[in-house]
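# Residue-level structural notes
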Amino acid sequence: QVQLVESGGGLVQPGGSLRLSCAASGSISSIYVMGWYRQIRGKQRELVAVIPTGGMPNYGDLVKGRFTISRDNAKNTVYLQMNNLKPEDTAVYYCKFGVVVTSTGLSLVYWGQGTQVTVSS
């Protein structure tokens, strides 16, 4: 019913920047929250950034001051601008939407397929 498609990952040098995008499609009545999570190899998935509808964004401690989450509600898209990237940012990044499905009125959580970000010289 709802699908999220991520893009923008890749290889970047330390200190560089990337912007990730995640677009949702399907029977979406409304979106309660958009966010980004990452899974570093050998570690549990962790919060990167989240932006509730009508609320302020929250960031994980390790990315504060370097990453910025934003959204385009008309396009059902969330972005993650990543600046001053460090090798320890290397991970698979996943977007996450909390939505109300139009056909049922139910609130559900959907995840993107993940996109690899590698920071290396």
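This text goes with the structure placed above it.
Cut-off values and rules
- Residue numbers run consecutively from 1 along every chain, following the written order of its sequence.
- Reporting of local features is limited, given that this is a predicted model, to residues whose pLDDT is at least 70; pairs of side-chain atoms are given and counted only at 80 or more, and all residues count toward the totals for whole chains, interfaces and linings.
- Excluded from the side-chain calculation are hydrogens and water; included are all heavy atoms of the structure.
- Buried Ala, Val, Leu, Ile, Met, Phe, Trp, Tyr and Cys residues form a nonpolar core when they are joined through side-chain atoms within 4.5 Å.
- Burial here depends on accessible area, computed with a 1.4 Å probe over protein chains only, as a share of the maximum for the residue type. Under 20% is buried, over 50% is exposed, and the range in between is partly exposed.
- Comment: elements are numbered from the N terminus, with helices defined as DSSP H or I runs of at least four residues and strands as E runs of at least two.
- By the convention used here, residues are in contact when the closest approach between their heavy atoms is within 4.5 Å.
- Two strands are said to pair when DSSP picks up at least two bridges between them.
- Geometry is summarised by axes, namely lines fitted to C-alpha atoms with helices restricted to the contacting stretch, and by angles between N-to-C directions that run from 0 to 180 degrees.
- Within 3.5 Å is the distance limit for a polar contact, defined as a pair of N or O atoms, with the added protein rule that one can donate a hydrogen and the other accept it, and that residues adjacent in sequence qualify only through two side-chain atoms.
- Within 6.5 Å between ring centres, the rings of Phe, Tyr and Trp (the latter by its six-membered ring) count as paired, and their orientation is classed by plane angle as stacked under 30 degrees, edge-to-face over 60, tilted in between.
- By definition, being over a ring means that NZ of Lys or CZ of Arg is both within 6 Å of the ring centre and within 35 degrees of the ring normal.
- Salt bridges are defined as contacts in which a side-chain nitrogen from Lys or Arg sits within 4 Å of a carboxyl oxygen from Asp or Glu.

## Observations concerning the nonpolar core
Trp36, Leu80, Met82, Tyr93 and Phe97 are the most contacted members of the largest nonpolar core, which totals 32 residues. If you list the elements that add at least two residues to this core, you get strand E1 (2-7), strand E3 (18-26), strand E4 (28-39), strand E5 (46-52), strand E7 (67-72), strand E8 (77-82), strand E9 (91-101) and strand E11 (115-119). The leading source of residues in this core is E9, at six residues. Apart from residues lying up to four places away in sequence, Tyr93 is in contact with Glu6, Leu20, Trp36, Tyr37, Arg38, Val48, Phe67, Leu80, Met82, Gly114, Thr115 and Val117.

## Concerning the sheet that holds E8
Across the sheet, four strands lie side by side as E1-E3-E8-E7; this open sheet has antiparallel pairing. Each having just a single partner strand, E1 and E7 make up the two edges of the open sheet. Across this sheet, the average inter-strand angle for adjacent strands is 15°, counted without regard to direction.

## Focus on the side chain of Arg66
With respect to the helices and strands, the residue Arg66 is situated in the loop between strand E6 (58-59) and E7. Residue class for Arg66 comes out buried when judged on its relative accessible area of 10%. Within the local environment of Arg66, its side chain forms a polar contact with the backbone oxygen of Asn84, the two atoms lying 3.0 Å apart. What Arg66 contacts, discounting residues up to four positions off in sequence, is Gln81, Met82, Asn83, Asn84, Leu85, Lys86 and Asp89.

## Describing the packing of aromatic side chains
Overall, the coordinates contain one aromatic pair when judged by the stated rule. Its end group placed over the ring of Trp111, Arg45 keeps NZ or CZ at 4.8 Å from the ring centre.

## Quick notes on the pattern of salt bridges
Following the criterion strictly, the structure yields four salt bridges and no others. A salt bridge links Arg66 to Asp89; its shortest N-O distance comes to 2.7 Å. Of this pair, Arg66 sits in the loop between E6 and E7 while Asp89 sits in the loop between E8 and E9; the two residues are 23 residues apart in sequence, bridging distant segments of the chain. The same class applies to Arg66 as to Asp89, namely buried. Look at the salt bridges and you will find they share partners, linking Arg38, Glu46, Arg66 and Asp89 into a network.

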